[in-house]
Amino acid sequence: QVQLVESGGGLVQAGGSLRLSCAASGRTFSSYVMGWFRQAPGKEREFVAGITRTGTSTSYADSVKGRFTISRDNAKNTVYLQMNSLKPEDTAVYYCAGGGGVLRRTVRGYDYWGQGTQVTVSS
C-alpha cells in the first residue's frame, strides 16, 4: 500500500506556472504507475497526465498537452506536474494517484489517491 500527499497548489494569474508535487510513502513507489487527475466544482474527476513506472512513457489529456509536464523521481518517491501557461479553466482540485498494471486514463485504473491540492487560476 502507498500513501500519497500532494503539495504546491495555490492561486496564480492566467499565463502563470505552478509545480505540483506528490510524495509517496513506502518502498514500492517505483512499482506504481502514477497519474494526476483534477476535479472542478460540479464536474467529474478527469485525467490530466500519467507516467509509467520508469518514467519512459507519459500520457496527457488533450486540454493540457503542450502546457503540462509529468515527471517522477523514484529515488525521492515523488511525482511532479509542471503546469505552464495556466488558464482559468485549469482551476480545480488536483489529485495524485497510483496504480498497478499499465498506464490508464481512467479513475478506475488507480488504487491509491491523495487528498488533493487546490489550484486556482484567475483571469
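Definitions and cut-offs
Residue numbers run consecutively from 1 along every chain, following the written order of its sequence. Per-residue local features are limited, in this predicted model, to residues with pLDDT of at least 70; the limit for side-chain atom pairs, both in listing and counting, is 80 or more; totals at the level of whole chains, interfaces and linings are taken over all residues. Derived side-chain values reflect all non-hydrogen atoms in the structure, with water molecules and hydrogen atoms excluded from consideration. We count a stretch as a helix when DSSP gives it H or I for four or more residues in a row; a strand needs E for two or more, and each element gets its number in order from the N terminus. Only protein chains enter the area calculation, which uses a 1.4 Å probe; residues under 20% of their type maximum are buried, those over 50% are exposed, and those in between are partly exposed. Throughout this description, the term salt bridge denotes a Lys or Arg side-chain nitrogen within 4 Å of a carboxyl oxygen of Asp or Glu. For two strands to be treated as a pair, DSSP must find at least two bridges joining them.

## Some points on the environment of Ser-31
1) Next: Mapping Ser-31 onto the fold places it in the loop between β3 (18–24) and β4 (33–39).
2) Next: Judged by relative accessible area, which is 34%, Ser-31 ranks as partly exposed.
3) Next: Each C-alpha atom, one on Ser-31 and one on Leu-11, is 33 Å from the other, the two residues being 20 residues apart in sequence.

## Here we look at unusual backbone geometry
1) Next: At Asn-77, a position not held by glycine, the phi torsion is positive, near 55 degrees.
2) Next: With respect to the secondary-structure elements, Asn-77 resides in the loop between β7 (68–73) and β8 (78–83).
3) Next: For Ser-85, which is not glycine, the phi dihedral falls at a positive 50 degrees.
4) Next: Ser-85 sits in the partly exposed class, given a relative accessible area of 41%.

## Details of the pattern of salt bridges
1) Next: Evaluation of the coordinates by the stated rule reveals four salt bridges.
2) Next: A salt bridge links Glu-46 to Arg-38; its shortest N-O distance comes to 2.7 Å.
3) Next: Given a relative accessible area of 36%, Glu-46 falls into the partly exposed group.
4) Next: On the basis of relative accessibility, which here comes to 7%, the residue Arg-38 falls in the buried class.
5) Next: Linking Arg-38 and Asp-90 is a salt bridge whose minimum nitrogen-to-oxygen distance equals 2.9 Å. Highlighted residues: Arg-38 in strand β4 and Asp-90 in the loop between β8 and β9 (92–99), separated in sequence by 52 residues.

## As for the pairing of β9
1) Next: Judged by how many residues are buried, β9 sits mostly within the fold: seven of eight residues are covered.
2) Next: Across seven bridges, β4 lies against β9 in antiparallel orientation. Counterpart to Phe-37 in the pairing with β9 is Tyr-95.
3) Next: Here β9 pairs with strand β11 (residues 117–122) via three bridges, running antiparallel. The residue bridging Val-93 from the neighbouring strand is Gln-118, located in β11.

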